[in-house]
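Here are the chains, one letter per residue:
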Amino acid sequence: MREPIIIDTDPGQDDAVALLLAFAAGDRLALRAITTVAGNVPVAQTTINALRIRDLGGADIVPVHAGAEGPLVFPLETAEFVCGPDGLAGAGLPPPKSTRAPGHAVEAIIAICRAASDDGITLCPLGPLTNLALAFRLAPDILPKVKRIVLMGGAIGLGNMTPAAEFNVHVDPHAAAIVFDCGRPIVMFGLGVTLQAIASHEHVERIGALGNATGRAIHGMLTRPRPGGLGTAGHPMHDPCVIAYLLWPELFAGRDCFVEVETGAGPLCGRTTIDWNGRLRQPANAHVIGSVEAHELFERMIERLATLP
Ligand code: RIB
Ligand code: CA
């Protein structure tokens, strides 16, 4: 039984790898739609990038819907300093051959959830949570159809945008607070685990040697110079962890935790307080992933990526 999913994304190089992995998992996942959100770059560009990646992966049957142009409250903050002016530095992809589907991403999320079977649908947000928050507020009736939310965002330790906040939550902490309070099962991939998912030089070279356009694009993205001050030598595969979890949950370990998002002003804004040791005696609202078998993750990813054009 293929798990129906929606990927909500702000491509971004790591989003691109996550999308390609999802395209290569057609036997396990039924990707109902790609919805885009402003994040790494503005939504017009994340939408163009989603179309470019869809062309690359030969997944043109999957509709791409453009979503929120900015966070619920704060002005948009993007990350061109990390991902380059168009958000996909190093990929070398041509302009999209196709166009996005009509209808806003939030409307698409609502319609697809309402049409889902009683088994529900898995939402996979890889960027700021604005689209999901808007959908849950506009149509709370869809929540019972949300089987689970498997998301990349937050951090148990240092953030990557501020000492307190990881980028996706930093951009829209109010949306993140709505999602973490929604009452549906959440699997959270914060920086604590995604910074363990850095491809080795050997893995990157093997990806480049796959002999397909996918491998060449990913190799270009993973070998581009990494901006200083981000604390890692390689390019962490934050977002692919989400898709990899759907395919190989056995590679990950975590625990149920109470998680709260700081939305107040000041230096703690966007902080995800993760009660890893249960000190606050609050009911858990997320399964927080703490570790990954990174070598095996990349071995299995490479095997899947080899099947793409
Ligand atoms: O902090 C990393 C996250 O922010 C990733 O999802 C990256 O693509 C950006 O959206
Ligand atoms: Ca992302």
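Below you will find a few notes about this structure. Please read all numbers here as calculations on a predicted model, not as lab measurements.

Looking at ligand 1, the residues that line it are D10, D14, D15, N40, L126, M152, N160, E166, F167, N168, H238 and D239. L126 has a polar backbone atom sitting 2.8 Å from an oxygen atom of ligand 1. In isolation ligand 1 exposes 270 Å². Once the protein is present, 95% of that is buried. Where the shell around ligand 1 is concerned, the elements lending two or more residues are helix 1 (13-23) and helix 6 (167-171).

For the rest of this paragraph, the subject is the coordination of the calcium ion (ligand 2). As a benchmark, a tetrahedral metal site with four donors has ideal angles of 109.5 degrees, while an octahedral site with six donors has ideal angles of 90 or 180 degrees. Around the calcium ion (ligand 2), the protein supplies D10 (OD), D15 (OD), D15 (OD), L126 (O) and D239 (OD) as donor atoms, at distances of 2.3 to 2.6 Å. For D15, a relative accessible area of 0% corresponds to the buried category. In this structure D239 comes out as buried when scored by relative accessible area, which is 1%.

Attention now goes to the sheet that holds strand 5 (residues 146-152). Read across the sheet, 8 strands follow the order 3-2-1-4-5-6-10-7 without closing on themselves; strand pairing throughout is mixed. In this open sheet, the two edge strands, each paired with only one partner strand, are strand 3 (64-66) and strand 7 (252-257). Mean inter-strand twist for the sheet, computed between neighbouring axes without regard to direction, equals 25°. Judged from the 7 bridges that link them, strand 1 (residues 3-9) and strand 2 (residues 29-36) form a sheet pairing that is parallel. Pairing of I6 across the sheet is with A33, part of strand 2.

Quick look at the pattern of salt bridges now. If you walk through the whole model with that rule in mind, you get 9 salt bridges. Salt-bridge contacts for D27 lead to R304; the nearest nitrogen and oxygen are separated by 2.7 Å. Separated by 277 residues along the polypeptide, D27 in the loop between helix 1 and strand 2 and R304 in helix 12 (residues 294-305) bring together distant segments of the chain. On the basis of relative accessible area, R304 is assigned to the buried category, the value being 18%. Residues R206 and E299 are paired through a salt bridge, measuring 2.7 Å at the closest nitrogen-oxygen approach. Of the two residues, R206 is situated in helix 9 (residues 201-208) and E299 in helix 12; the sequence distance between them amounts to 93 residues. Take E299: its relative accessible area is 22%, and that puts it in the partly exposed class. Linked through salt bridges whose partners overlap, the residues forming this network are E3, K147 and R148.

A few words on helix 4 (residues 105-115). If you check which residues of helix 4 are buried, you get A105, V106, A108, I109, I110, I112 and C113. Tucked into the core, helix 4 has its buried residues touching strand 1, strand 2, strand 3, strand 4 (121-125), helix 5 (130-138) and strand 5.

If you look at the biggest cluster of nonpolar residues, it comprises 62 residues, and the most contacted ones within it are I7, F23, F189, I243, F252 and L297. In terms of residue count, the dominant contributor to this core is helix 1 (8 residues). Leave out the neighbours within four places in its chain, and I7 touches L19, A22, L31, A33, I34, T35, C124, L126 and I243. One finds I6, L143, M188 and V259 within the second-largest nonpolar core, a separate group that totals 37 residues.

Cut-offs applied
Just so you know, the residues in each chain are numbered from 1, in the order the chain's sequence is written. Here chains are named by letter from A upward and ligands by number from 1 upward, in the order in which they appear as written. At least 70 in pLDDT is required for a residue's local features to be given in this predicted model, at least 80 for side-chain atom pairs to be given and counted, and no such filter applies to totals for whole chains, interfaces and linings, which use all residues. Values shown for side chains rest on all heavy atoms present in the structure; no hydrogens or waters enter the calculation. Being near a molecule or strand, for a residue, means having at least one of its heavy atoms within 4 Å of it. Identification of polar contacts relies on pairs of N or O atoms within 3.5 Å, with a donor-acceptor requirement for protein atoms, meaning one able to donate a hydrogen and the other able to accept it, and with residues adjacent in sequence counted only if both atoms are side-chain atoms. We get accessible surface area from the Shrake-Rupley algorithm with a probe of 1.4 Å; when it comes to residues, only the shown protein chains can shield them. Secondary structure counts use DSSP, requiring at least four H or I residues in a row for a helix and at least two E residues in a row for a strand, with both numbered from the N terminus. Think of the donor list as every N, O and S atom within 2.8 Å of the metal, or within 3.2 Å for Na, K and Ca; water never makes the list, so a site can look incomplete. Three exposure classes are used, based on accessible area relative to the maximum for each residue type with a 1.4 Å probe and protein chains only: buried under 20%, partly exposed in between, and exposed over 50%. Whether two strands pair comes down to DSSP finding at least two bridges between them. Each axis is a line fitted through C-alpha atoms, taken for helices only over the stretch in contact, and angles between the N-to-C directions span 0 to 180 degrees. Within this document, salt bridges are pairs made up of a side-chain nitrogen of Lys or Arg and a carboxyl oxygen of Asp or Glu, the two lying within 4 Å of each other. When checking whether two residues touch, look at their non-hydrogen atoms; a contact exists if any pair is within 4.5 Å. Here, the term nonpolar core denotes a set of buried Ala, Val, Leu, Ile, Met, Phe, Trp, Tyr and Cys residues that are joined through side-chain atoms within 4.5 Å.

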